[in-house]
Amino acid sequence: MIHFVGAGPGAPDLITLRGAELLRRAGMIVYAGSLVNPALLEYAPEGCEIHDSASMTLDAVVEKLLEGHGRGVTTVRLHTGDPSLYGAIREQMDRLRERDVPFEIVPGVSSFCAAAAAAQAEYTLPGVSQTLIISRMAGRTPVPEREAIRSLASHGASMVLFLSTGMLGKLCAELIAGGYPEETPAALVHKASWPDERVLRGTLSSLPADAEAEGIVRTALVLVGGFLGDRYELSKLYDPRFGHGYRKPMP
Ligand code: SAH
């Protein structure tokens, strides 16, 4: 059995209990070294074989996983955040399926959750937006035309952009071209939950220059939308005038 484990956003105590337990039992760990905090490897027992996949190809990663599995040791493929987002796990799972090797996925705290926590924000505010769009700028990995930032921006929903900090000027220009006013609140959250976490707050027009001044080019998320602003409506859930399955309305 091979275990794909979400490492969480960085802080070693933001992995799940299940994920940490697998690391403690691991005989082999293949971790995504470009993003996973190496502090997580301290969960591994003495003698555990550890490989950084940053310089490996898909074939090499799968070969290592099969090697661990063949040896009968607990084999962990450790991915940053939650593996379902930009984790490139599908291609690994398909290779394992082809060989009838069983695997499971242990979810993790995605960096978009850690970024909201760092910014002390709620993505889904009544009267502002009830939708969160998670996307990215096209880079070497293309994005389907119908999902261009400009067209996603036309919804005016809350947005989180992964993998796009190196193109922040272009990203903000596209968001504005898609319909967000220039003064829309925006934030850049760098290394959410790491010791050197930074949160830059501004607007779509100010953020690129602020990020450049701070020298932030990667491992950051761009948060955009009115949810970072001051105005919203109170929730119905805790409104004394509304009742629901768990509470009667107050007179
Ligand atoms: N599966 C991961 C995302 C991997 S893609 C997750 O769920 O978070 C890598 C991108 O995620 C980075 O380029 C950056 O945009 C973002 N990222 C990962 N960890 C981060 C962190 N701690 N703080 C801010 N952004 C992070």
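Residues numbered from 1 in each chain as written. Predicted model: local features only at pLDDT ≥ 70, side-chain atom pairs only at ≥ 80, totals over all residues. Heavy atoms only, no water.

## As for the overall build of the chain
Scanning the chain for helices and strands turns up seven helices and 10 strands. Judged by the C-alpha coordinates and their principal axes, the chain covers about 60 × 50 × 35 Å. Looking at the chain as a whole, 43% of its 251 residues are labelled buried. Side-chain charges of the chain comprise 24 positive and 29 negative groups, with the mean position of each set lying 4 Å from the other. (Helix = DSSP H or I, 4+ residues; strand = E, 2+ residues; numbered from the N terminus. Buried < 20%, exposed > 50% of the residue type's maximum accessible area, 1.4 Å probe, protein only. Lys, Arg positive; Asp, Glu negative; His and termini not counted. Charge placed at Lys NZ, Arg CZ, Asp CG, Glu CD.)

## Things to note about the packing of aromatic side chains
All chains considered together, the criterion is met by four aromatic pairs. Summarising the aromatic geometry, the rings of Phe-112 and Tyr-123 are spaced 6.2 Å apart at their centres and angled 45° between planes, so their arrangement reads as tilted. With a gap of 11 residues between them, Phe-112 in helix H4 (residues 111-118) and Tyr-123 in the loop between H4 and strand S6 (132-136) connect regions that are remote in the sequence. Of the two residues examined, Phe-112 and Tyr-123, each falls in the buried class. Members of the aromatic cluster, joined through ring pairs, are Phe-112, Tyr-123 and Phe-227. Lys-191 extends its terminal NZ or CZ atom over the ring of Trp-194, reaching a point 4.1 Å from the ring centre. (Phe/Tyr/Trp six-rings, centres within 6.5 Å; stacked < 30°, edge-to-face > 60°. Lys NZ or Arg CZ within 6 Å of the ring centre and 35° of its normal.)

## Structural notes on the site of the ligand
Within the structure, the ligand sits among 18 residues, and Leu-85, Ser-110, Ser-111, Ala-192 and Ala-220 are positioned closest to it. Pro-9 is positioned with one of its backbone polar atoms (N or O) 2.9 Å from a nitrogen atom of the ligand. Calculation on the ligand without its partners gives an accessible area of 550 Å², and the protein chains cover 95% of this total. Residues belonging to the shell around the ligand are distributed by class as follows: 11 nonpolar, five polar and two charged. Shared between two domains, the shell around the ligand takes at least three residues from each, and those domains are domain 1 (2-106) and domain 2 (111-228). (Near = heavy atom within 4 Å. Polar contact = N/O pair within 3.5 Å; in protein donor to acceptor, adjacent residues only side chain to side chain. Areas by Shrake-Rupley, 256 points an atom, 1.4 Å probe, with all protein chains shown as cover. Nonpolar A, V, L, I, M, F, W, Y, C, P; charged D, E, K, R; others polar. Domains from an automatic or database assignment.)

## With respect to unusual backbone geometry
Even without glycine at this site, Asp-100 takes up a positive phi of about 60°. Turning to its location among the elements, Asp-100 is positioned in the loop between helix H3 (90-98) and strand S5 (103-106). Its identity is not glycine, yet Lys-191 carries a phi of approximately 50°, on the positive side. Relative to the helices and strands, Lys-191 is located in the loop between strand S8 (185-190) and strand S9 (198-203).

## Topic: the pairing of strand S7 (residues 158-162)
Among the five residues that make up S7, five are buried, leaving the element largely enclosed by the rest of the structure. Residues of S7 alternate between two faces, with Ser-158, Val-160 and Phe-162 on one and Met-159 and Leu-161 on the opposite face, all of them buried. The pairing of S6 with S7 spans five bridges and is parallel. Across the sheet, the residue bridging to Ser-135 is Leu-161, located in S7. (Pairing = 2+ DSSP bridges.)

## Comments concerning the sheet that holds strand S2 (residues 28-31)
The strand order across the open sheet built from five strands is S3-S2-S4-S1-S5, with neighbouring strands paired in parallel fashion. Strands with a single pairing partner mark the edges of an open sheet, and in this sheet they are strand S3 (49-52) and S5. Across the sheet, the mean angle from the axis of one strand to that of its neighbour is 20°, orientation sign disregarded. As defined by bridge partners, S2 adjoins strand S4 (residues 75-79) across four bridges and the pair is classed as parallel. (Axes fitted to C-alpha atoms, helices over the stretch in contact; angles between N-to-C directions.)

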